Each structure stands twice: as structure tokens, then as C-alpha cells.
Amino acid sequence: MDVHSVFVILLALFVLLCLTIEAVGMDKDRDSKPNITIGFLATFKGDGIGKLIAGAITVAVMKVNERPDLLPNHTLQFIPADAGERGTSVAIREMTVMRDSGAVAFIGPDESCVSEALVAAAWNYPMITYKCSDRKVSNKNIYTTFARTLPPSSKISKYVISLLKHFNWNKVILVVSENHWYKQAEEALMVLAKDNDIQVTKTYFIPDFYISGSHEEDIKRIIDESFRITRIYIILAETDVLVDFARYIGREIKNIDEYVTICVEDRKFYDPSKSRQYLNKDSYLCQPSV
């Protein structure tokens with residue numbers, strides 16, 4: 001997902017939240033313009049997306065404040081915070097600090113959101129995430145104030161199953177990144193595959209934070225072990241994995257036209273003009289998305 005796309009999404013999220021707050025009459029004093037404070041939670045350390053979109057959210061707030069038709073009686077501002085690592089209490093602590101500082105809604109967090117969404121529901125505070133795909137938060141009876149722009153992993157799995165059924169492909173191999181999102185997608189896909197009489201012959205896992213060319217032997221091993229027992233590969237991983245897989249399977253297998261590789265990639269929008277990036281390493285590296 002590029003910066004422009006993130007900017008558009010965040011701007012839409014802010015407008016939605018602000019119109020909701022405006023509609024309920026947050027402040028009865030229409031002669032002044034009190035602040036509406038939004039808490040922004042993102043992962044800034046390591047490979048966190050926060051570093052990529054921090055500038056976009058600043059611009060989004062500015063654009064909203066420049067539109068008197070959106071917030072005629074209030075001024076929008078935000079408080080940023082690092083959500084910390086998955087499985088820790090950092091994000092909830094930051095949410096508490098934000099609430100005590102006047103925040104009335106939350107944008108984020110990104111990777112993990114289940115516990116945070118439950119806390120937001122207990123406080124009756126709106127929370128909209130731009131990346132979390134956990135299936136649990138789809139239960140609106142529990143996570144009553146939660147919304148998101150990225151579909152849950154179970155929705156992605158339904159699309160894959162529909163494709164397999166359309167072509168009557170009923171035996172597949174999974175290649176899954178050891179990443180939280182892709183593992184969730186794999187779990188959902190396994191359940192749906194069983195319900196639809198599709199056999200997952202074997203599942204292979206590859207390291208998260210995959211670097212193209214660094215796991216050549218792993219990819220070759222997967223192909224060598226599996227090409228005799230399947231014709232359909234489903235890759236739940238980033239584009240780098242697909243690029244390497246396509247290159248190596250073309251070298252290792254002579255009758256390559258008898259095989260199909262399906263890749264699910266959640267971090268970028270598909271651009272038909274750059275379709276070669278999914279097959280050719282050189283064109284992929286020469287056409288960055290940001």
C-alpha cells in the first residue's frame with residue numbers, strides 16, 4: 001500500500017469519525033471551536049508501517065480542518081503513539097493516556113487489534129483500523145465500536161476457495177509466510193477447504209520478513225518435494241516470495257504450463273500496468289510502489 005492510498009484512507013476515516021462526533025453534538029457551545037482529539041496508534045519501530053504513514057495522517061488532519069463544511073464547529077487534532085510489539089500491553093496503556101488527554105476516538109492500531117478493540121468497546125470509543133485483519137473482531141456483538149478498512153483473513157480465504165471451485169481444483173499445496181496475518185489466512189483457508197472438499201496435501205512455512213534470493217534453497221526444497229503430488233500452489237506471502245517461486249519453478253519443472261500458482265498479498269494494490277513485477281525480479285525491483 002503506497003503513501004497516497006494510505007492518505008486517502010486516513011482522510012476518509014477522519015471525516016467519518018468527525019461527522020459522527022459532530023452529529024451527536026459533542027459540544028453545545030457553537031460560538032467557539034473546541035478541539036476534537038483523535039488517538040493515532042501505529043507501530044513505528046522495526047518494519048512498522050507507522051514510519052510510512054505518519055506524514056499522511058498529518059496532511060489528512062490539515063485537509064479536514066481546511067474544510068468548513070466538514071467541521072464547522074470544531075478543530076481536529078491527533079495524538080500519536082507507538083503501539084509496541086504484538087502481544088504486549090503497550091497499545092492499551094497508550095490508549096489510556098490518550099483518553100485521559102482528551103481523545104474521543106482511535107485510528108489504529110495496525111498489526112494487532114483484538115485486545116485494543118475490546119477496550120475501546122468497553123469505553124464506548126470508536127476505533128477504526130487500517131491494517132488489522134483478525135477474524136475475531138468481526139463479531140459486532142462484542143466489538144461494538146470497531147471498524148476497519150482491510151477485510152478479515154476469512155474474507156480473503158473465501159475468494160481463494162471460490163477460485164478453486166470455479167476451475168474444479170481440489171488438491172493444493174500451501175506455502176505460508178510465518179507472519180500473523182498470513183497464518184490467520186491459512187487457518188481460515190484450511191477450514192473452508194475442508195468444508196468444500198478441497199484437499200490441502202501439505203503446508204510449507206517460510207520465514208517472515210522474506211528477502212528475495214536469501215532463501216533459494218528453501219524454495220527449491222519445497223518445489224522438489226511437492227511438484228509430483230500437486231499442480232496447484234497457493235502462496236500466502238509477500239510478492240518477493242512469488243517472484244522467487246515463479247523463477248525457480250520455471251527452472252526446475254519442464255512441463256511448467258501444467259502448474260498454477262495463486263498468490264495472496266495483502267500489502268499492495270494490484271496494478272495491471274506493473275503485472276510483470278510478479279514474475280520478473282528485475283522489473284519488480286525497478287518499479288517500487290513508494
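Just above sits the structure.
Residues numbered from 1 in each chain as written. Predicted model: local features only at pLDDT ≥ 70, side-chain atom pairs only at ≥ 80, totals over all residues. Heavy atoms only, no water.

Trainee: I'd like a rundown of the pattern of salt bridges, residues and numbers included.
Mentor: Using the criterion set out here, one finds six salt bridges in the structure. As a salt-bridge pair, Arg99 and Asp100 come within 3.6 Å of each other at their nearest N and O atoms. Its relative accessible area of 29% is what places Arg99 among the partly exposed residues. For Asp100, a relative accessible area of 58% puts it in the exposed group. Between Asp244 and Arg247 there is a salt bridge, with the nearest N and O atoms lying 3.4 Å from each other. Here Arg247 and Asp244 lie together in helix α8 (residues 239–252), a separation of three residues that amounts to about one turn. According to the relative accessible area criterion, Asp244 is buried, its value standing at 0%. (Salt bridge = Lys/Arg side-chain N within 4 Å of Asp/Glu carboxyl O. Buried < 20%, exposed > 50% of the residue type's maximum accessible area, 1.4 Å probe, protein only. Helix = DSSP H or I, 4+ residues; strand = E, 2+ residues; numbered from the N terminus.)

Trainee: Break down the pairing of strand β3 (residues 103–107) for me, with residues and values.
Mentor: Within β3, four of the five residues are buried, leaving the element largely enclosed by the surrounding structure. Alignment of strand β1 (residues 35–42) against β3, held across four bridges, turns out to be parallel. Each residue of the ladder has a partner; that of Ile38, found in β3, is Ala105. When β3 meets strand β4 (residues 127–129), the two strands line up parallel, connected through two bridges. When the bridges of β4 are listed, Ile107 appears paired with Ile128. A crossover links β3 with its parallel partner β4, the connecting element being helix α4 (residues 114–123), and its sense is right-handed. (Pairing = 2+ DSSP bridges. Right-handed = clockwise from strand over helix to strand, strands pointing away.)

Distances and angles like these do not, on their own, reveal function.
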